[in-house]
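# A look at the structure
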Amino acid sequence: MKADWRGVSALGGIGSFLGFLVAVLLYEPLQEEAMVYLIYVGLAVGAALAVPYGERVSRLFATACATPLGIITALLLVFLWVPGNPGPAPLYLGLGMTLGVMLFVKPSGIADVVLVPLAYLGGFVLIMLALKDYPPLQGSEFAVPILFRVSGSAAVLAFFGSLARWGFEFARRLTGGNV
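Presented here is an overview of the structure given in this document. Treat the numbers as computed from the prediction; the structure is a model and nothing was measured.

### A look at the pattern of salt bridges
Using the criterion set out here, one finds four salt bridges in the structure. Across the pair Asp133 and Lys132 runs a salt bridge, and its minimum N-O distance is 3.8 Å. Overall, Lys132 belongs to the partly exposed group, its relative accessible area being 31%. Residue Glu169 is joined to Arg165 by a salt bridge in which the shortest nitrogen-to-oxygen separation is 2.9 Å. Placement of both Glu169 and Arg165 in helix H8 (residues 143-174) is noted, with a separation of four residues, approximately one turn of the helix. One exposure class covers both Glu169 and Arg165, and it is buried.

Structure (C-alpha cells):
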C-alpha cells in the first residue's frame, strides 16, 4: 500500500470540504466555534484513506490538481485583494486562472469531473481556516463573504473547465483522434 500525491490531494481536498459541510450543518445547533476544526479532521481522514485506496484514487488527476489550485487561488486572493482592496481585478484573475488551469488538466473520467469542485472548495476552506486570524482579513467587513462567493464561482468554473476538457477528449476518442 502506497499513497500517491494525487490520491492524498484528491481525498484530502474532498475530506476537508466534507468536514466544512458538516461544520456548517452542525454550527447552529451546537453553537461551538470549535466545529470549524472538522475541516482539519476531514483533511486528515481523507489523506489517511488515500493509503488503502491509493491506486484507485490516483487516477483522479483533475481532482488532485483542484485542491492545490483552490489553495493557491485562496492565497492569492487573500494576500492581493484583501489588504489593499484594489478593485475586482484580482478577483477576476483568480477566476480566470482557475478556468485556464482546469481547461488544460485532463480528467480521467466523468467522476473526476464531478469531484473537482469539491476538492477545489476543500483547498479553499483549508486556507480560509488557516488564515482566520489574519489581521487584514479580520479588519475588512465584507472580505470573507466576498471571498466565499468568488470561490463558489471559481469552483463552478473549475467544474465547467474540467467538463469541457473531458468533452473534448471524449469527442476526440469518438472521432478517432481527428479533432
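### A word on a nonpolar patch on the surface
Where nonpolar side chains cluster on the molecular surface, the patch consists of Leu18, Leu21, Val22, Leu25 and Leu26 and spans about 420 Å² of accessible area. Look at Leu18 and you get partly exposed, because its relative accessible area is 43%.

### Focus: the side chain of Thr63
Take Thr63: it is sitting in helix H4 (residues 61-81). The contacts of Thr63, once residues within four sequence positions are left out, are Ala10, Ile14, Asp112, Leu115, Val116 and Ala119.

### Some words on the side chain of Thr67
Tracing the backbone through its elements, the reader meets Thr67 in helix H4. A distance of 2.9 Å separates a polar atom in the side chain of Thr67 from the backbone oxygen of Ser9. Other than its neighbours up to four places away in sequence, Thr67 contacts Ser9, Ala10, Gly13, Ala119, Tyr120 and Gly123.

Cut-offs applied
- Residues numbered from 1 in each chain as written.
- Predicted model: local features only at pLDDT ≥ 70, side-chain atom pairs only at ≥ 80, totals over all residues.
- Heavy atoms only, no water.
- Salt bridge = Lys/Arg side-chain N within 4 Å of Asp/Glu carboxyl O.
- Buried < 20%, exposed > 50% of the residue type's maximum accessible area, 1.4 Å probe, protein only.
- Helix = DSSP H or I, 4+ residues; strand = E, 2+ residues; numbered from the N terminus.
- Patch = residues over 30% accessible without salt bridge, like charges linked within 9 Å, V, L, I, M, F, W, Y side chains within 5 Å.
- Areas by Shrake-Rupley, 256 points an atom, 1.4 Å probe, with all protein chains shown as cover.
- Contact = heavy atoms within 4.5 Å.
- Polar contact = N/O pair within 3.5 Å; in protein donor to acceptor, adjacent residues only side chain to side chain.

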